[in-house]
Structures are given as structure tokens and as C-alpha cells.
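Examining the three-dimensional arrangement
What follows is the residue order along each chain.
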Amino acid sequence: MDFNLSSEQKMLGDSAKRYLSQNYSFDIYLDQIGSNMQINPERWQKMLDLGWFGLPFSEENGGFSGSLFDVSLIARALGEALSIDPYVDNIVLPGKLLEFISSPTADAWLKKLIDGERTFSAAIYDVDSHYDINHTNVILEDGVVNGQKSFVSNVGEVDYLICYAREASDEQPILFIVAVEEEGVEYKDCRVLNGSRSGVVTFNNLELTNDKILCVGSDATAAAQRAIDYVTVLECAAMIGAATAAYEKTLEYAKIRKQFGTHIGSFQVIQHYLVDMFVELQQAESMLFMATDKGAVKDVAESQAAISSCKAYLCKSVVAIAQQAIQIHGGIGVTEELDIGHYFRFITHLSLIHGDRDFHMSRYMKRTGLEDKICAVNMA
Amino acid sequence: MNLEFSDTEKEFQKDVQSWLSDNVPADIQEKTQNGEMLDKTLQQKWEQILGSKGWLATTWPKQYGGPGWNATQRYIFDVERAKAGAPGTSPFGVSMVGPVIFNFANQEQKDRWLPGIVSGDTLWCQGYSEPNAGSDLASLKTSAKKEGDEYIVNGQKIWTTQAHWADMIFCLVRTDSTVKKQQGISFLLIDMNTPGIEVRAIHSIDGHHHLNEVYFNDVRVPVENLVGQEGMGWTIAKFLLTHERTTIAGVADTKQEIERLKHALKNTRSGSGVRWDDPQARRRVAELEIDLMALEYTNFRTVASTDNGNPLGPESSGLKIKGTELQQQVSQAIVELGGPLSLAWDNKEAIGNMEFNKATRRYNFLRACTIYGGTNEIQKNVIAKMLLGL
Ligand SMILES: Cc1cc2nc3c(=O)[nH]c(=O)nc-3n(C[C@H](O)[C@H](O)[C@H](O)COP(=O)(O)OP(=O)(O)OC[C@H]3O[C@@H](n4cnc5c(N)ncnc54)[C@H](O)[C@@H]3O)c2cc1C
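A quick note: this is a predicted structure, and the numbers were derived from the prediction, not measured.

A word on the overall build of chain B. Across its full length, chain B carries 12 helices and 10 strands. Relative to a compact globule of 390 residues, whose C-alpha radius of gyration would be 21 Å, chain B shows 22 Å and is just as compact. For chain B, the C-alpha atoms occupy an extent of roughly 75 × 50 × 50 Å along the three principal directions. Classification of the 390 residues of chain B by burial places 53% in the buried group. For chain B, the exposed surface amounts to about 17300 Å²; the carbon and sulfur share of it is 49%. Side chains of chain B give 42 positive and 48 negative charges; the mean places of these two sets differ by 4 Å.

What follows is the structure, given as C-alpha cells:
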């Protein structure tokens, strides 16, 4: 086993941190939350120039064949900087969908994404999907689509949507692509917890030509599932990045905040809290390393078990770190003025997308056969 | 042991239910049931409705305009109130400064301030904490210097809830800096309209404005506004801390939150069914109900002992700690069980279910409940020292 980063990986991580320290800040974040401008053209261009758009994708598709671990370094740096620039939502997720569809049409779209020519968002979930991607009431019938998708990231700022739906005739799942501008596509959006925007998209007799249908049948479900699994690991990385920053800032605060004539870090209970955070962070990081490696294996049950165990663990431990960071700060921790409360929201947000703890616990049990055993015991 | 309400208590419960069903305004009910915050107008409207019925200052003795209820009656009222979708009342007048006034103030002061509190007409806020005096409250620096028949107040308070609504603020101020810290503190009532007071908003992570900084710049306060004697402020503050233990656990509202969670789960579509079909969700509800039960019966014990005139027993000491922890757990469960629906922040139309859409703000705000009113770490320090003798 080797847990060391290669020199390329060190450079990648350092350059991501450097880019963020020079181009992002808490003030920029404060302007960004809730605004209609989540995709900032200047920073988008810089991320493109840094090669981030191509990193997650294979060389055949015009990418740089970065590993899941490589990409996680970027997600982690973004999380550490509290950046809500939607790299994962609007580059990696739609891009991975296109890559996993793996057809000449999808590849052509992917090229436009990697080149920064066009922007995309993924429309996977219905409002009542909870976390089950298989469930959708967006229906294609006689070349016409009707239905509604929810939780579409920054829909007001992208050119195209890649949408998960099904055919009326035989219930087959499909993935199709459509321009947001197209007639028959309407959306409403609102701010969500991390400060970015999310939309509800309604298809009202949208006419869909065959060239817009990217994938049909179990391949469509598999592509969507794999793409979501991939970004789930990145969200775990972002959670750890954010938790690292929250921990470090809290440790710093405990050394300077004085009450009762001494710094609060001298109280044993505060020391133990901080030690718990420190230790949990190591554990969470270990899970991330595990998931970036095992999450990329071919065997679906194995990779999903790895990814779900990581997310399930982090939803508990990293959320607890964020809560503790607030508690140690006292009153200032619950204000909009200080970044600590924002890290807490950022982490909570990530803990609730693409599967929460319950969802990933069940999936872990299914993929490892634990569920069967429980049934067997109950029957006995 | 008898763990049932008596017949008279059941009768009382019915009266309360029927009054509430006729008197909680629909707009207030709707907002409260959605978990939304009330603005000043609605909050005060509800408090004035209670005030005109004589049910606002529920802990007060009859002679000062309270209903003269015992702790069990107060508990019953509180549970029914929450069930009816009515908000809790602002604590600053009724639960804090009111009891200070009728325990420590002179007759003139009682006549002057109590009626406005009982009726809900005067809104109060609490000026204790300062930037460098949070947990270590006795280090407060805001000074009050006597000049003739006035105090001249200078300094800054922070985290002052509802200072932007309030007509009056009760403050701990330093009147003597030559004696031991605790002994130089006095309890002063200040009209928020006095020149020299400036209120600046602080926004909380639920996106709302509850908190403020309050600056005092040569603020002139008549000496008649001093409660008790100079130097008695710390004694009064300590009295206040131990005064009200029967509602501090927040049992009634937490109970209602769990009901709201069940309602939301049953009314949120998920796949071909509803969220309630998920056994993990129901198990989580069961866990919360059991935790609540432990708190509720501990609370009953406290209530029963004070009704019998006994001093508060050790069982009451953990109420604030357990109560606030449970408030946080329930709000976290609502957010987590709503899943993606809980991410919505400022939508006007429901996304899936408005109860889940609104849950996140409350979850965010409630991170503060283990901080305000003395942090849970400080509560534990106090219990360790006072009760366990450590
Ligand atoms: C939402 C909200 C509403 C509030 N409303 C009011 C109000 O209306 N009026 C008012 O006067 N105040 C109000 N407060 C202030 C509140 O009482 C203080 O925030 C609280 O007393 C903690 O003080 P602090 O914020 O300065 O934290 P600090 O005292 O700096 O504490 C920071 C951390 O150190 C810990 N700590 C401190 N000392 C010790 C110790 N000896 N041992 C172990 N741990 C310790 C604390 O527990 C905390 O975790 C409010 C606060 C909030 C968040």
C-alpha cells in the first residue's frame, strides 16, 4: 500500500490552492450566494485554462485522463476555500454523464463541454425521487416530452440540460439533451442551502428529435448512476476540504478568544472537542482515500459499497465537526458575518445531495449482502 | 406515584383547548405551523391576545396580573398552545424582567412597568452579553456613572435579541470598578428611545435578523430606573438564571416539531408512495419520541416537586442541556429526512413539501440554542461545581 501523493498530484493540489487563494475569497463568496451569477466568466475561464475542465475525462475525449483521486484534489481545494463555483455540478456531473453514455453524439457534446464552448446541467431527479434516480415521471411519448425535473443546478445560466426520463411505450429509461432556450422548456429557480441556485424545469410538450436522445435502456440508468457515484466522491472531498478549514479556523480561534482571563483553548472540554475534530478528520480523510481508489474499480457492487460507506461515514462525522466548530465559536459562530456558519451550511448541503446517510447505509447493506443476512435472522 | 392528570387538570386542559381553537389567528397559525418566523407585528399581536385574556404572564402570581396557575397548569397550557399552532412568547418581558421587577423593585417601579408586560404592549430585550463578556459575563464593561439624578451609560452590548423591536432594555452595567467584579454590577432599565442608543443588526445563519449590537453613547438614564441597590446586579442575574426551569426544556415545542415531522413524512410523495413508508424514517421518529419521553417525565418530576412547594431537585439541572440537545436533534432529523427538499432556501412555492423546505432555516438557527442563555459547557461547569461538588 502506498498513501503518498505523486509529485504531479502534489503540484495539482498546490496549484488548485494557489489559484483559489488568488481568485476566491469569503467576500467573493458573500457576493455570490443567492445571486443569479453562479458561473463567473472570469473564474470559469481560469479554471478552463488550468485544465480542470478536461481533467476528469479520458484523452480520447479530449481530456487529461485524471484519476478520481486527482479530481478529488480540486473538489477538496474548492471546499476548503468555501467556493461554490459549480465545477462539480456543471462540469463534472454533466461531463461524466456524457462520457459514460459513450456514443459519438455524446462524445461530440463532451468535447464542447471540455473546450468551454457550451455549459450544461444535469436534470436527474424528480421532486419525489428522494435519492432514487430510477424513479421519474418525465415521459417521452410520440416524440413529445412532458413532466418536471427538480434540483437542476444553476439552470438559469447554462445552455443545455441532460435529462433522465422514460419512454411511455415500454417504460425504458432514456437520457436526452435539450437547450434551455428550446420551446417547451420552462424553469423556475430558487436559492438553495449552500447559496447556489437550483431549478425546477417543466417540459410542456417539448418536441424531441431523435438526435437529442443520447441513450436508451439500462445503459442510460447505468450512465446516470455511474456519474452520480463519481461526483459523490467529489462531494465527500469537498466536505473534507470544508471541514479542514472549519477545524483549523476553530483551533486558531480557541487560541485567541479569551474568557475568564484565559484563552478558551485552555479549558479541557474545548481541548477534547478539538481533539475529537482532529481525529475524526483523519478518519474521514482515510475514507476518502479509500473511496477514490475503490470507488473507481470495475465491479459495480464493490465500487458502490466503497462510495456509500464513505458518504455514510462523512454524513455523520464531518457534519459533527461542522456543528462543533460553531459551538466552540459561541455567538459569533451563528452569524452571517463569520465564515464558520457558512462552512456548516456548505457541509450540510453536501451531506444531503446524491444520497444522505440513510440512503448510503441501505445501499452499502445491499451491495455487501448485509441486508440479506438481516432478513435471514428475522425469519428465524 | 400517579402519572395521570387529575380530573380538574383535565377540565383545565379542555378549557384551554377550546379557548385556543377560537383565538389563534389564522395567519399566525399558518406561519408557525410552517416553521416560519413571525415578524414583530404578528408576534406582538399574539402576545396582546394572550395579554387581554390574562394568559400571557403564565408564571406570575395573580396580584401582578398572572393567572395564578401552578406548574402543571402551565405545562398543560404550553403543550396545548404549541399543538394549536401558536408561537411561544418572547421571554424577555414575561419570563425575565417581569419576575425581577416583582421580586426586587419598589412599588413605584412595579406600577410603572408590570402592566405593559402583562398586556403585551411593551416589548423588552436583554442587554447582558458584551463582545468580551460572553460566558464570562461578570467581566462586562458597559459603565453607568451617576451624575445628579441620572446615570450616564457608555459601552456596547452584543447578541441582543429583538433589540430592534424593543421599547425597553434591561441591562447589566458596571457602577463600580473599584470592587470585586461581581460586586460592581447593577441592574438598570433603559428606554430604547433615549438619545445616544444605536442598534445595529446582526444576521444569523438562518438568514434572519434576530440579533443586534447595541451601542450606548452618553445615554442619560434616570436613577429611578435602577432596580434594587447599586451592586445588586449580579445577585439579580443569578436569581433570573434559576427562576424558570419548567419551560426551559422546550418540551411543548419539541413535541410539536416531532408531530410536524410525522405530518411532513406522511404528506411527502416519494417514488410510488410517501416518505413515511421508509422504515428508517419511522425508526428515527421513534428514537426522537423516546428521547422526548425521557425529557418529558424528568420535566414532570420537576413540575410536580415545585407544585408541592419543594425546592428544585437535581433532576432539573440537566433540563436545559437535554432540552436544547433534543431541539437540535429534532431539527436535524427533519432536515435529513427531507433530503433534497430541505435544501430549498427562498422558494415561494413548495418544492415537494413546504414543511421540509422551511426546516433548514430552523436547523441553522437552533445551532444557537446550546449557546444562548449560557452555553451548555457553562451549564455543565455549574452543575459539576454546585451539584456534584467537583
Ligand atoms: C441566538 C442568540 C441569542 C442571544 N440572545 C441574547 C440576548 O438577548 N441577550 C444577551 O445578553 N445575550 C444573548 N446571547 C448571548 C449568549 O448568551 C452568549 O453568546 C453566550 O453566553 C456565550 O458567549 P460568547 O458568544 O461570547 O461565547 P464565549 O463565551 O466566547 O464561548 C466560546 C466557547 O467557549 C466555551 N467556554 C467558555 N468558557 C468556558 C469554560 N469556562 N469552560 C468550558 N468552556 C467554556 C463556550 O461554551 C463556547 O463553546 C445570545 C446568543 C445567541 C447565539
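Following the structure, the description resumes.
Right, let's talk about the domain arrangement of chain A for a bit. A common measure of how large an interface is: the accessible area buried when the components associate. Residues and elements named next belong to chain A. When its domains are assigned, chain A resolves into domain 1 (7–114), domain 2 (120–217) and domain 3 (219–379). Spacing between the C-alpha centres of domain 2 and domain 3 amounts to 30 Å. Taken together, the contacts link 16 residues of domain 2 with 17 residues of domain 3. Summed over both partners, the interface of domain 2 with domain 3 buries about 1400 Å², with 67% contributed by carbon and sulfur atoms. When residues of domain 2 are sorted by the area they lose upon contact with domain 3, Tyr131, Ile133 and Leu193 head the list and together hold 44% of the total. Linking domain 2 with domain 3 are zero salt bridges.

Between chain B and chain A, the residue contacts involve 47 residues of the former and 40 residues of the latter. Both faces combined, the contact of chain B with chain A buries some 3800 Å², and carbon together with sulfur accounts for 59% of it. Per-residue buried area on chain B facing chain A is highest for Ile205, Leu343 and Glu377 of chain B; these three make up 18% of the total on that side. Linking chain B with chain A are two salt bridges, by the criterion used here.

All names here are of chain A. It is at 9 Å that the axes of helix α4 (residues 68–80) and helix α8 (residues 268–294) come closest, and there the two elements cross at 140°. The pairing of α4 with α8 is recorded here as oblique in orientation. Handedness of the α4/α8 crossing: right-handed. Contacts from Leu68, Phe69, Ser72 and Arg76 of α4 reach α8 at Glu285, Leu288, Phe289, Ala291 and Thr292.

If you look at the biggest cluster of nonpolar residues, it comprises 160 residues, and the most contacted ones within it are Tyr87, Leu175, Phe176 and Phe203 of chain A together with Leu261 of chain B. Per-element accounting of this core gives the leading share, 21 residues, to helix α7 (residues 218–256) of chain A. Beyond its immediate stretch of four places on either side in the chain, Leu175 of chain A contacts Leu97, Ile101, Ile162, Cys163, Tyr164, Lys212, Ile213, Leu214, Cys215, Ala220 and Ala223 of chain A. Counting residues in each nonpolar core, the second largest holds 47 residues, with Trp46, Trp55, Val97 and Ile101 of chain B among its members.

With that settled, consider the domain arrangement of chain B. Residues and elements named next belong to chain B. Segmenting chain B into domains produces domain 1 (7–89), domain 2 (124–232) and domain 3 (249–386). Taken over C-alpha atoms, the centre of domain 1 sits 30 Å from the centre of domain 2. Between domain 1 and domain 2, the contact holds five residues from the first and four residues from the second. Summed over both partners, the interface of domain 1 with domain 2 buries about 410 Å², with 72% contributed by carbon and sulfur atoms.

The end-to-end C-alpha distance of helix α12 (residues 376–387) of chain B is 15 Å, a good match for the 16 Å that 12 residues give at a rise of 1.5 Å each. If you check which residues of α12 of chain B are buried, you get Asn376, Glu377, Gln379 and Ile383 of chain B. Taken down its axis, α12 of chain B places every buried residue within 160° of arc, on the same side. In this structure, α12 of chain B carries Lys385 and Met386 of chain B as exposed residues pointing more than 90 degrees from its buried face. In the core, the buried residues of α12 of chain B are packed alongside α8 and α9 (300–329) of chain A together with α10 (319–338) of chain B. Of the residues flanking the end of α12 of chain B, it is Gly389 of chain B, one or two places downstream, whose phi is positive at about 70°.

All names here are of chain A. With 30 residues, α9 ought to run about 44 Å at 1.5 Å a step, and its terminal C-alpha atoms sit 43 Å apart, in line with that. Leu314 marks where α9 bends most, by close to 35°. Extensive coverage of α9 is indicated by the burial of 23 of its 30 residues. The N-capping residue of α9, defined by a side-chain oxygen 3.0 Å from the backbone nitrogen of Ala301, is Asp299. Residue Gly330 follows α9 closely and has a positive phi angle near 70°.

Looking now at the site of the ligand. Lining the immediate environment of the ligand, one finds 30 residues, of which Arg257 and Gln327 of chain A together with Ser135, Thr161 and Thr375 of chain B sit closest. Residues near the ligand are shared among chains A and B, making this a multi-chain site. One of the side-chain nitrogen or oxygen atoms of Arg257 of chain A is found 2.6 Å away from an oxygen atom of the ligand. Taking Asn381 of chain B, its side chain carries an N or O atom lying 3.0 Å from a nitrogen atom of the ligand. Out of a free accessible area of 970 Å², the ligand has 95% covered by protein chains. Counting residues per element, the ones that place at least two in the shell around the ligand are α8 and α9 of chain A together with α12 of chain B. It is α12 of chain B that contributes the most residues to the shell around the ligand, three residues altogether.

All right, on to the confidence of the model for chain B then. For chain B, the average pLDDT comes to 93, and 98% of its residues sit at 70 or higher. The complex prediction reports pTM at 0.96, with the ipTM value standing at 0.96.

Each value, and the rule that gives it
- Residues numbered from 1 in each chain as written.
- Chains lettered and ligands numbered in written order.
- Predicted model: local features only at pLDDT ≥ 70, side-chain atom pairs only at ≥ 80, totals over all residues.
- Heavy atoms only, no water.
- Helix = DSSP H or I, 4+ residues; strand = E, 2+ residues; numbered from the N terminus.
- Rg over C-alpha atoms; globule rule 2.2 N^0.38 Å.
- Buried < 20%, exposed > 50% of the residue type's maximum accessible area, 1.4 Å probe, protein only.
- Areas by Shrake-Rupley, 256 points an atom, 1.4 Å probe, with all protein chains shown as cover.
- Lys, Arg positive; Asp, Glu negative; His and termini not counted.
- Charge placed at Lys NZ, Arg CZ, Asp CG, Glu CD.
- Domains from an automatic or database assignment.
- Contact = heavy atoms within 4.5 Å.
- Buried area = accessible area lost by both parts, 1.4 Å probe.
- Salt bridge = Lys/Arg side-chain N within 4 Å of Asp/Glu carboxyl O.
- Axes fitted to C-alpha atoms, helices over the stretch in contact; angles between N-to-C directions.
- Parallel < 35°, antiparallel > 145°, perpendicular 65-115°, else oblique.
- Left-handed = near helix turned anticlockwise from the far one by under 90°.
- Core = buried A, V, L, I, M, F, W, Y, C linked by side-chain atoms within 4.5 Å.
- Expected span 1.5 Å × (residues − 1).
- Arc of directions from axis to C-beta.
- Bend = angle between axes of the 7 residues up to and from the residue.
- Polar contact = N/O pair within 3.5 Å; in protein donor to acceptor, adjacent residues only side chain to side chain.
- Near = heavy atom within 4 Å.
- pLDDT = per-residue confidence, 0-100.

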